[in-house]
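Spelled out, the chains give:
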Amino acid sequence: MDPTLSDRNRALDGIRGLAILWVFAFHANALLVGWPSDASLGWGPSLAQKGLLGVQLFFVLSGFLLARPWMQVAEAGTPYPRIGRFFTRRARRILPTYWLHLALLFGLILPILRGSFVILGTDIGQTNLWLHIPLLHFLHPGSSSSLGLNMALWSLSIEAQFYLLLPLLGPLFVRNRVLIALPAALAVALLWKTYAPGLLTEWLYLNVSPSRLVFFDPVSGHAGPFPVEMMRFFLERQLPGEIIAFALGMAAANLYTRVGSGGPTRQRLRSLDATALAFLVLATTALIHLSFAEILTGVGWRLLGMPLFLAGCTLLVLAAALRTPLIDRIFASPVLALIGIISYSLFLWHEPVLRLVATGRLLPNACDGAPCRIALALGLAMLVAAASYVLTERRRAPKV
């Protein structure tokens with residue numbers, strides 16, 4: 001076992017905790033506060049508005065953790081991990097929790113928010129039902145917004161696609177092959193985000209039945225024809241467009257295995273610690289002043305800002321894995337680490353809870369005002385997540 005990366009690294013748990021709290025802040029801001037103009041935002045709401053980037057931090061972390069077995073055996077000169085065993089572990093890790101969530105989402109949350117099960121009998125309802133079960137829902141525009149019940153599920157579909165490809169991708173990132181694979185992944189991501197929407201949008205409208213091209217508004221959940229700008233957004237965020245985040249995580253796993261586990265020098269640790277801390281400070285400052293529209297559609301963000309942000313996230317994950325002093329002090333705190341441990345269940349459940357609070361279906365008279373409602377939703381979501389973790393994760397799943 002690596003001396004620097006134990007079976008339960010509290011700093012990495014803290015990274016998970018930060019990521020899920022940021023994602024929660026994004027959805028809480030959208031559902032319980034609203035979207036004021038960028039000019040009227042303070043630093044807190046401005047950072048919350050950028051919380052969709054917490055998903056990219058999760059992607060980097062997944063690439064790092066899941067690619068490490070391939071890097072370790074490459075260094076040791078032993079065979080690559082068995083594919084069947086890898087897929088079995090991944091299935092045990094995500095499916096019991098996910099399927100329980102899905103059963104309650106469609107069997108309980110849906111009738112509460114929509115008043116009935118009628119939508120499940122329609123074309124769009126059937127598309128969502130059958131594509132969500134095998135985690136294929138983000139491959140179809142009609143199921144990409146999950147009937148407006150839990151739009152956060154899109155990223156779990158991307159994760160599952162990455163799992164399927166990892167036995168092929170892992171060997172491409174071992175040893176010095178990473179020097180070719182990483183630039184190639186960056187090129188694929190940038191080319192996909194730049195050209196795929198223009199090439200594929202019209203094709204989708206021509207080849208998918210209008211009854212299955214229904215979009216659910218992210219805030220109200222109301223259904224309508226799929227807008228062209230959201231179709232472009234859907235296409236940009238397919239796996240080829242997100243692959244650079246996973247690739248940077250895999251590159252970090254390569255570096256960690258080759259340098260970190262061999263005992264990095266104190267000077268290297270200090271340099272990495274200072275660089276990761278500088279990223280936290282600079283990224284926070286930059287994101288406060290960056291407009292939300294730029295992150296969604298800006299060419300500068302797509303070509304430069306996002307790659308730099310992801311590179312910084314990679315440094316942060318690497319520093320947490322090596323338990324560098326300052327990063328460890330920040331992220332290994334008991335509260336963040338505990339939230340990180342239940343982060344998967346919290347990721348699944350936070351948006352439905354927020355929607356129930358926002359619509360008044362859950363404890364409607366408990367408190368007034370957005371801050372109180374956000375605190376109420378966070379507390380309830382953490383209680384549900386803790387129960388989900390105990391029932392489906394704690395004893396049945398591997399820890400990675």
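Quick summary incoming for the structure in this document. All values derive from a computational prediction rather than experimental measurement.

With that settled, the discussion passes to the layout of surface pockets. Each pocket or cavity is described by its volume, and for the largest pocket that value is around 1100 Å³. Leu52, Met230, Phe233, Arg237 and Leu296 are the residues nearest the centre of the largest pocket, which is lined by 50 residues in total. Every element with two or more residues in the lining of the largest pocket is listed here: helix H1 (10-33), helix H3 (54-76), helix H7 (178-207), helix H8 (228-236), helix H9 (239-260), helix H11 (292-297), helix H12 (299-321) and helix H15 (343-358). When residues of the lining of the largest pocket are assigned to their parent elements, the largest contribution, 6 residues, is made by H8. Here the residues of the lining of the largest pocket sort into 31 nonpolar, 9 polar and 10 charged.

Enumeration according to the criterion identifies 9 salt bridges in this entry. A salt bridge links Arg16 to Asp13, with the shortest nitrogen-to-oxygen separation between them at 2.7 Å. Linking Arg16 with Asp13, this pair stays in helix H1, spanning 3 residues, or about one helical turn. Look at Arg16 and you get buried, because its relative accessible area is 13%. Through salt bridges that share partners, Arg8, Asp13 and Arg16 make up one connected network.

This part takes up the packing of H1 against H3. Two elements in contact, H1 and H3, have axes whose closest approach is 8 Å; the angle formed by their N-to-C orientations is 155 degrees. One finds that H1 runs roughly antiparallel with respect to H3. Between H1 and H3 lies a crossing of left-handed hand. Together, Leu12, Ile15, Arg16, Leu18, Ala19, Ile20, Trp22 and Val23 of H1 and Gly54, Val55, Leu57, Phe58, Leu61, Phe64 and Leu65 of H3 make up the contact between the two elements.

The next point concerns the side chain of His137. Examined against the element boundaries, His137 turns out to sit in the loop between helix H5 (123-132) and helix H6 (154-169). Given the relative accessible area of 0%, His137 is considered buried. With residues up to four places along the chain from it excluded, the contact list for His137 reads Tyr98, Leu131, His132, Ser143, Ser144, Ser146, Leu153, Trp154 and Ser157.

Let us look at the state of the cysteines. Tallied over the full model, the rule gives 1 disulfide. Covalent S-S linkage joins Cys367 and Cys372, the inter-sulfur distance amounting to 2.2 Å. Sign of the S-S torsion, about -120 degrees for the bond between Cys367 and Cys372, identifies this disulfide as left-handed. Classification of Cys367 as buried rests on a relative accessible area of 15%.

Reading the values: the criteria
Residues numbered from 1 in each chain as written. Predicted model: local features only at pLDDT ≥ 70, side-chain atom pairs only at ≥ 80, totals over all residues. Heavy atoms only, no water. 1 Å grid on protein atoms, 1.4 Å probe; cavity = no way out; pocket = protein on both sides within 12 Å on 5 of 7 lines; lining within 4 Å. Points joined across faces, edges and corners; volume = space filled by probe spheres on them. Helix = DSSP H or I, 4+ residues; strand = E, 2+ residues; numbered from the N terminus. Nonpolar A, V, L, I, M, F, W, Y, C, P; charged D, E, K, R; others polar. Salt bridge = Lys/Arg side-chain N within 4 Å of Asp/Glu carboxyl O. Buried < 20%, exposed > 50% of the residue type's maximum accessible area, 1.4 Å probe, protein only. Axes fitted to C-alpha atoms, helices over the stretch in contact; angles between N-to-C directions. Parallel < 35°, antiparallel > 145°, perpendicular 65-115°, else oblique. Left-handed = near helix turned anticlockwise from the far one by under 90°. Contact = heavy atoms within 4.5 Å. Disulfide = S-S within 2.5 Å.

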